[in-house]
Amino acid sequence: SITERTYIMVKPDGVQRGLVGEIMARFEKRGYKLIALKMRTADEALLKKHYCDLVEKPFFPSLLSFMTSGPVVSMVWEGLDAVKQGRQMLGETNPLASKPGSIRGDFCIDMGKNICHGSDSVESAENEIALWFTPEEVLKYDQTRAAHIYE
Ligand code: DAT
Ligand code: MG
């Protein structure tokens, strides 16, 4: 549905490397609608919830220290198949497997510095949106260009 939503985040390395605009521009140009945007330095409690399925992994402590090392940019993008398309636009978890043309395939090399996050299912997208934003921060408005993006 064209109201599907996904949670996309520029990680601290992406912010430091000046890739926020580049990443946002790709979603904008593709036709997705930006409905929430915020910058902050996340704390451990928030990240443990965000990465709750990974807390037992051996790499979790380094993931946690990396993700709390500086500000991240959180966004919600809405549009047709936003979750799956968003993952394709990001590329694979491992940049080595990410095709050129994807964000990770174009801008990074190492799995531990893969510059962006995208929800992996509609269910996790809804959970992540609720975790990173209050309901009031997620906006409702008409995308006037929608008639030129959707049949
Ligand atoms: P993704 O970010 O593609 O959804 P994920 O949810 O499985 O991947 O993992 C979250 C992040 O944790 C990932 O972006 C980078 C890091 N990570 C995942 N697997 C890893 C591994 N085997 N070694 C080191 N870091 C890893
Ligand atoms: Mg994930």
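Structure shown above.
Because the structure is a prediction, the values reported are computed rather than measured.

A. Geometry of the overall build of the protein chain. Tallying secondary structure elements over the protein chain gives 8 helices and 4 strands in all. Listing each helix as α and each strand as β along the protein chain from the N terminus yields β-α-α-β-α-α-β-α-α-β-α-α. For 151 residues, the compact-globule formula gives about 15 Å, and the C-alpha radius of gyration of the protein chain, at 15 Å, lands near that figure. Based on the C-alpha atoms only, the size of the protein chain along its principal axes is roughly 45 × 35 × 25 Å.

B. Layout of the environment of valine 15. Relative to the helices and strands, valine 15 resides in helix α1 (residues 12-16). Classification of valine 15 as buried rests on a relative accessible area of 17%. Considered as a pair, valine 15 and valine 72 are 57 residues apart in the sequence and their alpha carbons are 6.5 Å apart. Residues within four places of valine 15 in sequence aside, it is in contact with Val10, Val20, Met39, Pro71, Val72 and Val73.

C. Inspection of the site of ligand 1 at higher detail. With respect to spatial proximity, the complete set of residues near ligand 1 consists of Lys11, Tyr51, Leu54, Phe59, Leu63, Arg87, Thr93, Arg104, Met111 and Asn114. Measuring from an oxygen atom of ligand 1, one finds a side-chain N or O atom of lysine 11 at 2.9 Å. Taking arginine 104, its side chain carries an N or O atom lying 3.2 Å from an oxygen atom of ligand 1. Among the residues making up the shell around ligand 1, the classes are represented as 5 nonpolar, 2 polar and 3 charged.

D. Seen up close, helix α2 (residues 20-30). Residues of α2 that are buried include every one of Ile23, Met24, Ala25 and Phe27, and no others. Considering only its buried residues, α2 is in contact with β1 (5-10), β2 (33-40), β3 (72-78), α5 (82-90), α6 (103-107) and β4 (116-118).

E. Structural context of the nonpolar core. Grouped together as the largest cluster of nonpolar side chains are 20 residues, with contacts concentrated most on Leu47, Tyr51, Met67, Trp132 and Phe133. At the level of secondary structure, the elements contributing two or more residues to this core comprise β1, β2, α3 (44-50), α4 (60-67), β3 and α7 (122-132). At 5 residues, α4 tops the list of elements feeding residues into this core. The contact partners of leucine 47, leaving out residues within four places of it in the chain, are Ala42, Phe60, Leu64, Met67, Thr68 and Trp132. In terms of nonpolar packing, the next biggest core, distinct from the first, is built from 18 residues, Ile8, Val73, Leu90 and Ile103 among them.

The rules we used
Residues numbered from 1 in each chain as written. Chains lettered and ligands numbered in written order. Predicted model: local features only at pLDDT ≥ 70, side-chain atom pairs only at ≥ 80, totals over all residues. Heavy atoms only, no water. Helix = DSSP H or I, 4+ residues; strand = E, 2+ residues; numbered from the N terminus. Rg over C-alpha atoms; globule rule 2.2 N^0.38 Å. Buried < 20%, exposed > 50% of the residue type's maximum accessible area, 1.4 Å probe, protein only. Contact = heavy atoms within 4.5 Å. Near = heavy atom within 4 Å. Polar contact = N/O pair within 3.5 Å; in protein donor to acceptor, adjacent residues only side chain to side chain. Nonpolar A, V, L, I, M, F, W, Y, C, P; charged D, E, K, R; others polar. Core = buried A, V, L, I, M, F, W, Y, C linked by side-chain atoms within 4.5 Å.

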